[in-house]
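Observations on chain architecture
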Amino acid sequence: MIKKQLHILILPSWYPISSMPLSGIFFKEQVQALRRAGVKAGIVYPETRGLTNFSIKNLLNNHFHITKELEDSVMTFRLHSWNMFPKMPKLQAIQWVYETKRLVKKYIEINGKPDIIHAHSTLWGGYTALLLSKEYNIPYIITEHHSNFANGLIKDWQVPYIQKSFIDAKKLIAVSSPFAKILQHYDKGKNIVVIPNAINTDFFYFKKKNAKKNLLIYL
């Protein structure tokens, strides 16, 4: 019997763009690792630009269109848009969710329905995953990274969205044990799994100790 290839769709709440190539780079690196392990995985991301960079030239290049490209072996769908609601965070969130849902629809048309959605951070990838789960009957998990939880910067109006996303998630993941304790304030008793961020062992590894250096020699 041939084992079906696992298909995961990644929803990052932030991601590398040309002006910030290291923003959320670990999301891309994680997908690259999944693909090397034989998992079918892709990314969708609404690339929203601030209106301070608006110009006719930039509008021609970024006119709310969708692109599909293989970026460093990662199949990536982007929607190139503009922040239509500066200084209006609730409406910004609605725009982000709408654009991500539009991207996911296009992704599914081309790649088929994924087995699971993995959202990175609840605001707003996790909440969008909740809505997509209800629409397409796809289970989702959330890995929470956002420092706003630890720094006490979560707004009161955001709390219901966080709680709803946590409740329906098949699994809620924290990147450290102390962070998991902070998230328990929002999770309504849901068991939180701790999975630290992955590292590239080609660059970070433990060196074997030389036992001879630790010996005390008495003459």
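Before reading on, note that the structure itself is shown above.
Okay, so let's go over this structure. Please read these numbers as outputs of a predicted model, since none were measured by experiment.

1. Some words on the pattern of salt bridges
The tally for this structure, following the rule as stated, stands at eight salt bridges. The residue aspartate 168 makes a salt bridge to lysine 134 at a minimum N-O spacing of 3.3 Å. With aspartate 168 in helix H6 (residues 159–168) and lysine 134 in helix H4 (residues 122–136), the pair connects residues that are 34 residues apart, well separated along the chain. Owing to a relative accessible area of 59%, lysine 134 belongs among the exposed residues under this scheme. Through salt bridges that share partners, Glu47, Arg49, Glu71 and Arg78 make up one connected network.

2. Concerning the packing of helix H3 (residues 89–111) against H4
The contact between H3 and H4 brings their axes to 10 Å, and the two run at 50°. The pairing of H3 with H4 is recorded here as oblique in orientation. When you trace H3 past H4, the crossing you get is right-handed. Residues Ala93, Trp96, Val97, Thr100, Lys101, Val104, Lys105 and Ile108 of H3 lie in contact with H4, whose contacting residues are Trp124, Gly125, Tyr127, Thr128, Leu131, Leu132, Glu135 and Tyr136.

3. Overview of H3
For H3, with 23 residues, the first-to-last C-alpha span of 32 Å sits near the 33 Å given by 1.5 Å per residue. By the burial criterion, the buried members of H3 are Ala93, Gln95, Trp96, Val97, Glu99, Thr100, Leu103, Val104, Tyr107 and Ile108. Against strand E1 (7–12), strand E2 (40–49), strand E3 (65–71), strand E4 (74–82) and H4 lie the buried residues of H3. A positive phi of about 85° marks glycine 112, the residue just after H3.

4. Structural notes on the packing of aromatic side chains
One pass over the structure, following the stated rule, counts 12 aromatic pairs. When the ring of tryptophan 124 is compared with that of tryptophan 157, the centres are 5.8 Å apart and the planes differ by 20°; the resulting orientation is stacked. Highlighted residues: tryptophan 124 in helix H4 and tryptophan 157 in the loop between helix H5 (147–150) and H6, separated in sequence by 33 residues. Here tryptophan 157 falls in the partly exposed class, since its relative accessible area comes to 23%. An aromatic cluster is built from Trp124, Tyr127, Trp157 and Tyr161, whose rings are joined through pairwise contacts.

5. Observations concerning the packing of H4 against H6
Two elements in contact, H4 and H6, have axes separated by 9 Å at closest approach and are oriented at 55°. Compared by their axis directions, H4 and H6 come out oblique. In this structure, the crossing between H4 and H6 has a hand that is left-handed. Across the interface between the two elements, Thr122, Leu123, Trp124, Gly126, Tyr127, Leu130 and Lys134 of H4 pack against Tyr161, Ile162, Lys164, Ser165, Phe166 and Asp168 of H6. Split into classes, the residues belonging to the contact of H4 with H6 amount to seven nonpolar, three polar and three charged.

6. Structural notes on the sheet that holds strand E6 (residues 140–144)
Spatial strand order, E3-E4-E2-E1-E5-E6-E7-E8: eight strands in an open sheet with mixed pairing. For this open sheet the edge positions go to E3 and strand E8 (192–194), each flanked by a neighbour on one side alone. Put simply, the sheet's adjacent strands are angled 25° from each other on average, direction ignored. Two strands pair when backbone bridges link them, and E2 and E4 are joined in this way by eight bridges, in the parallel orientation. Among the inter-strand pairings, arginine 49 is bridged to a residue of E4, identified as tryptophan 82. Helix-sheet contacts for helix H1 (residues 25–36) involve E1, E2, E3, E4 and strand E5 (116–120), and the interaxial angle to E2 is about 160°. The strands touched by H6 are E6 and strand E7 (171–174); relative to E6, the strand with the most contacts, the crossing angle is about 125°.

Reading guide: rules and limits
Residues numbered from 1 in each chain as written. Predicted model: local features only at pLDDT ≥ 70, side-chain atom pairs only at ≥ 80, totals over all residues. Heavy atoms only, no water. Salt bridge = Lys/Arg side-chain N within 4 Å of Asp/Glu carboxyl O. Helix = DSSP H or I, 4+ residues; strand = E, 2+ residues; numbered from the N terminus. Buried < 20%, exposed > 50% of the residue type's maximum accessible area, 1.4 Å probe, protein only. Axes fitted to C-alpha atoms, helices over the stretch in contact; angles between N-to-C directions. Parallel < 35°, antiparallel > 145°, perpendicular 65-115°, else oblique. Left-handed = near helix turned anticlockwise from the far one by under 90°. Contact = heavy atoms within 4.5 Å. Expected span 1.5 Å × (residues − 1). Phe/Tyr/Trp six-rings, centres within 6.5 Å; stacked < 30°, edge-to-face > 60°. Nonpolar A, V, L, I, M, F, W, Y, C, P; charged D, E, K, R; others polar. Pairing = 2+ DSSP bridges.

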